[in-house]
Amino acid sequence: MKKIVEKLYSQGDVTDNELEALINTSDEAAIKLLQSLADKTRQKFYGKKVYLRGLIEISSYCRNNCLYCGIRCSNKDADRYRLSREEILSCCENGYRLGFRTFVMQGGEDPYFTDDIICPIIAEIRDKYPDCAITLSLGERSYESYRRMKEAGADRYLLRHEAADEELYSKLHPESMRLETRKKCLFSLRELGYQVGSGFMVGAPFQTTKHLIADLRFLQELQPQMIGIGPFVPHHCTPFAGEKGGTTELTLRLLGIIRLMFPEVLLPATTALGTISPDGRERGLMTGCNVVMPNLSPVGVRKKYDLYDNKISSGDEAAECRDSLRKRIEAIGYEVSQERGDATGFTV
Ligand code: SAH
């Protein structure tokens, strides 16, 4: 098994059969080697730096009905909110003061945020914070919409492909949603010059090792600048309420594999990983991750952006607890970077 890890490290790829063996192995020595080579690879390209992104959750309204997600439109118990222009700008002001140089505006697919509404907000942030990166994560939109938002000043876009296997994708999403559409969006974003982030959930219902391999292969085709993966965590008001969640171990395994397959990618230690395990994020950072995305949303709405049960949004997860987050990062030997943190080799 160690040979497979070494091959993945030296060649950046292995066969499907080898991937399958590595994903399922319980060989402790191989797992340890994967972790240390993932860390070595991240340090080769990014040193000890950890980039911070301030996450502003702009709306919990969503027209979609993804089976795993707590803010799906048919969840009548969801407490919905949307931020005003003023609230979004004040999050940025607060974030800038706290030292953030990337703002991520994420939300459900809220029809309220038309291009005519969102573009002037993007332009205003662009104008006020020329040294900051603007990242959007607003789901599927038209090519023209992505184009207008880019022109208004957005730099990056996060849209997980969620599942690269057609059949699994259709089990996780309503019939109105298509894997093909998702892929088309991702390739449009890339063509428009966005730095693109994609990814998937680990341990989603019905997901097998074959599906995970398909996800890795799709990512090789897309070559995104960022890859976001986190464990699936059930939400009590969804059809998947009674399903098992993804594990920390499997998530870490995939993070290590991804770092070796995509040496220069930006890899966040996600909130979901921090939610299922108190030291999940630290372990992620030691297994190739180099990004953390603290919550910069107004405190009053944080609980309402309720994607899955027990989602952490306070304590060290909160942007205002930056000093304590910094201490945790330094305690494991890494350092918080003040830079925008673009992917290496990507000219902006
Ligand atoms: N509407 C935007 C933002 C979605 S929320 C979009 O479609 O891109 C961001 C991510 O949270 C999703 O891509 C999904 O992978 C993840 N997510 C949603 N529900 C989850 C759950 N129950 N457990 C873990 N992750 C979840």
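This text goes with the structure placed above it.
It should be emphasised that the depicted structure is a prediction, and the values quoted were computed from it without experimental measurement. (Residues numbered from 1 in each chain as written. Predicted model: local features only at pLDDT ≥ 70, side-chain atom pairs only at ≥ 80, totals over all residues. Heavy atoms only, no water.)

Q: Hey, could you go over the pairing of strand β1 (residues 49-52) for me, with residue numbers and the actual values?
A: Bridge count for β1 against strand β9 (residues 335-336) is two bridges, and the pairing is parallel. Bridge pairing in β9 links Val-50 to Val-336. (Pairing = 2+ DSSP bridges. Helix = DSSP H or I, 4+ residues; strand = E, 2+ residues; numbered from the N terminus.)

Q: Account for the state of the cysteines, naming residues and giving values.
A: As enumerated under the stated definition, the model contains zero disulfides in all. With no disulfide of its own, Cys-62 lies closest to Cys-66 among cysteine sulfurs, the gap being 6.2 Å. (Disulfide = S-S within 2.5 Å.)

Q: So what's going on with the pattern of salt bridges? Which residues, and what values?
A: Applying the stated criterion across every chain yields a total of 24 salt bridges. When the shortest N-O distance is used, the salt bridge between Lys-311 and Glu-57 registers 3.0 Å. In this pair, Lys-311 is assigned in the loop between β8 (291-292) and α13 (322-331) and Glu-57 in strand β2 (residues 54-59), connecting sequence segments 254 residues apart. Overall, the relative accessible area of 16% leaves Lys-311 in the buried class. The buried category is assigned to Glu-57, whose relative accessible area is 1%. Arg-156 serves as the salt-bridge partner of Asp-342, at 2.8 Å between the closest nitrogen and oxygen. Pair noted here: Asp-342 is in the segment after β9 and Arg-156 is in strand β5 (residues 156-158), with a separation of 186 residues, a long-range link. (Salt bridge = Lys/Arg side-chain N within 4 Å of Asp/Glu carboxyl O. Buried < 20%, exposed > 50% of the residue type's maximum accessible area, 1.4 Å probe, protein only.)

Q: How would you explain unusual backbone geometry if you had to name every residue and give the values?
A: Phi is positive for Phe-206, which is not a glycine, with a value near 70°. Of note, Phe-206 is situated in the loop between β6 (195-202) and α9 (209-222). The exposure class of Phe-206 is partly exposed, given its relative accessible area of 46%. The phi angle at Asn-310 is positive, at roughly 60°, despite the residue not being glycine. Within the secondary structure, Asn-310 is located in the loop between β8 and α13.

Purely spatial values, then, with no claim about function.
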